[in-house]
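# Commentary on secondary and tertiary structure
Single-letter residue listing:
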Amino acid sequence: MFQPPTDKPLNSLGILDAQSVLDRYPIPKSDPTHSRPTRSLRILQMGSTAYRGGVATAITTLCKTLHQQDHDVWLVCDGGDINPLRAQGIPCTVTDFAQRPGAIARGAWDVHRVMREFRPDVVHVHGRAPALRSYLAGRIPDWFTLHNTQFTERVGMMDIGVLRRWLSPKGRRFFVLNDEARAYLQRSMGVSPSKVEIVFNGVDCDRYHAPTAAERHQARAQFGLKRDQTAVLFVGRMHPSKQPLAVVEAAKAMRQAGRDDVQFILVGEGELTDAVQQAIAGLGLEATCKVYGWMDPRQAYYASDLLVMPSLYEGFPMAAIEALATGLPVLRSRTGGAAETIVEGKTGFCCGTTVSEFVDCLMGVLAQPQHLIPMRATARQWAEQRLSAQAQAKLLIQHYQTHLGRRR
């Protein structure tokens, strides 16, 4: 059940209190060794951007930010919305990341041609498919980012046993998003902890800014929200792991409690889209629970009062940090990235992964929705200080530079 915000540590529940988070992830202090100008690097980024979601957003945001910090960046990807990168002068090569022999061969040749032309100082891959192509092109990736707490389950007939262990960790060193992923690489893949660094996904705090009063008013009007209504937002894939049907259950519970002042907005697409829409219609919730499909989520963040993420598992979800950057508190499950994004009662709230735990927690939070208002400024400040794309990109460059020096 939901507990009122408290200043006491919540570590027994798996959530860090504010001071514990500050101790564990302190704001970087000025350091002459870190503030010295570093030479521009040629950085080859490789990862899947074909499908809308957090990984694609993380990769494209990183490319843009590194480019803004005066590094030469080239992206090898499998499509998606990459025209904004090209418009900024970032070369993008589209290849096929499917796990088929022909696609693997073509992809390896595409990567080989890019490497021969670009001559990168750093090869940074995001996922197993681009890592394999880099390896076959003649270069072991310098860095491999694991965007979840573990590698995906079997994706091909060879992806099993000793061969799976050998194929998966293709990189000299690794970036992970949390301690669970670091432990997984050591336990399941035999990767030395000394080769693993924790670096968060970063959010573009200029693009995802706190809305002005006029922007918030306009956004709420776009979604048909009245002044006295509380808007609860879900943004993500309509996938079983994200549990969008739990949001429908929450809408049902609110109606049963006589809370017609709470409106639910679901932004996203996926295999559960039809099931979610049918559940809404079957329960007669059309007036308070609406599915909008995929859209740029910024207007939804501006309009809403709380983002909810009842996921079964996460890596380091972009939706959570985008919401915080706009000043939107987040209620999410205790999965990957929770300790780094949620300061209980200050930037948001955490709950278990079961539907009943999520609904109970949400009911408790919305019993006093006025408490969400002062959390907006704290959420924005937390994102600016600890989760900005600029800060995370600078940290990546420090790691790149350190290990380039060691290799030489």
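Up top you'll find the structure we're talking about.
Residues numbered from 1 in each chain as written. Predicted model: local features only at pLDDT ≥ 70, side-chain atom pairs only at ≥ 80, totals over all residues. Heavy atoms only, no water.

Our next topic: the overall build of the protein. When its secondary structure is counted, the protein shows 17 helices and 13 strands. The buried share of the protein, reckoned over its 408 residues, is 55%. Within the protein, contacts between residues separated by at least 24 positions form 69% of all contacts whose residues are at least 6 apart in sequence. (Helix = DSSP H or I, 4+ residues; strand = E, 2+ residues; numbered from the N terminus. Buried < 20%, exposed > 50% of the residue type's maximum accessible area, 1.4 Å probe, protein only. Contact = heavy atoms within 4.5 Å.)

With that settled, the discussion passes to helix α6 (residues 128-136). Within α6, 7 of the 9 residues are buried, which leaves it mostly tucked inside the rest of the structure. Within the span of α6, buried status applies to R128, A129, P130, A131, L132, R133 and S134. Positive phi appears at G138, one or two residues downstream of α6, with a value of about 105°.

This next bit is on the pattern of salt bridges. Side-chain pairing between opposite charges can occur once the charged atoms of the two side chains come close. Within the structure shown, the criterion is met by 16 salt bridges. As a salt-bridge pair, R380 and E384 come within 3.2 Å of each other at their nearest N and O atoms. Residue R380 and its partner E384 are both found in helix α16 (residues 375-386); the two are separated by 4 residues, about one turn of the helix. Accessibility expressed as a relative area gives 14% for R380, which makes it buried. (Salt bridge = Lys/Arg side-chain N within 4 Å of Asp/Glu carboxyl O.)

Attention now goes to the nonpolar core. Core analysis: the biggest nonpolar cluster contains 65 residues, and L44, V76, L185, L233, Y301, L307 and L387 have the highest contact counts within it. For this core, the element with the highest residue contribution is helix α13 (residues 318-325), accounting for 7 residues. Leave out the neighbours within four places in its chain, and L44 touches W74, V76, V114, M115, F118, P120, V122, V123 and H124. (Core = buried A, V, L, I, M, F, W, Y, C linked by side-chain atoms within 4.5 Å.)

Time to look at unusual backbone geometry. With phi around 70°, D70 is a residue other than glycine that occupies positive phi space. Take D70: it is sitting in the loop between α3 (54-68) and β2 (72-77). A positive phi angle, near 55°, is found at Q243, a position not held by glycine. Looking at the secondary structure, you find Q243 in the loop between β8 (230-235) and α10 (244-256). Residue Q243 is classed as buried on the basis of its relative accessible area, which comes to 15%.

Position of Q45 relative to the elements: it lies in strand β1 (residues 42-47). Residue classification places Q45 among the buried positions, given a relative accessible area of 0%. Once you skip the residues sitting within four places of it in the chain, Q45 turns out to touch L62, C63, L66, V73, W74, L75, V76, H124, H126 and Y400.

Next up on the list: the sheet that holds strand β6 (residues 173-176). Paired through their backbone hydrogen bonds, the strands of a sheet run either parallel or antiparallel. Spatially, the 7 strands line up as an open sheet ordered β3-β2-β1-β4-β5-β6-β7, and their pairing is parallel. The open sheet is flanked by β3 (92-94) and β7 (196-198), the only strands paired with a single partner. Averaged over all adjacent pairs, the angle separating strand axes in this sheet is 20°, with direction ignored. Across 3 bridges, the pairing between β2 and β3 is parallel. Of the residues in β3, the one forming a bridge with V76 is T93. (Pairing = 2+ DSSP bridges. Axes fitted to C-alpha atoms, helices over the stretch in contact; angles between N-to-C directions.)

Its place among the elements puts D305 in the loop between α12 (298-303) and β11 (306-309). In this structure the side chain of D305 is engaged in a polar contact, spanning 3.3 Å, whose partner is the side chain of R220. Here the side chain of D305 touches A231 through a polar contact of 2.8 Å, landing on its backbone nitrogen. Apart from residues lying up to four places away in sequence, D305 is in contact with R216, R220, Q229, T230, A231, L328, P329, L372 and R376. (Polar contact = N/O pair within 3.5 Å; in protein donor to acceptor, adjacent residues only side chain to side chain.)

Before going further, it helps to examine the packing of aromatic side chains. This model, assessed by the stated rule, comprises 8 aromatic pairs. Relative to F118, the ring of W74 has its centre 5.5 Å away and its plane inclined at 55°; by these criteria the two rings are tilted. Of this pair, W74 sits in strand β2 while F118 sits in helix α5 (residues 101-118); the two residues are 44 residues apart in sequence, bridging distant segments of the chain. For the pair F200 and F316, a centre-to-centre distance of 4.9 Å together with 10° between the ring planes defines the contact as stacked. Residue F200 is located in the loop between β7 and α9 (213-222), and its partner F316 is located in the loop between β11 and α13; the two are separated by 116 residues in the primary sequence. Judged by relative accessible area, F316 falls into the buried class, the value being 3%. Ring pairing ties together the aromatic residues W143, F175 and Y400, which thus form one cluster. The positively charged end of R386 is found above the aromatic ring belonging to W382, 4.8 Å away from the centroid. (Phe/Tyr/Trp six-rings, centres within 6.5 Å; stacked < 30°, edge-to-face > 60°. Lys NZ or Arg CZ within 6 Å of the ring centre and 35° of its normal.)

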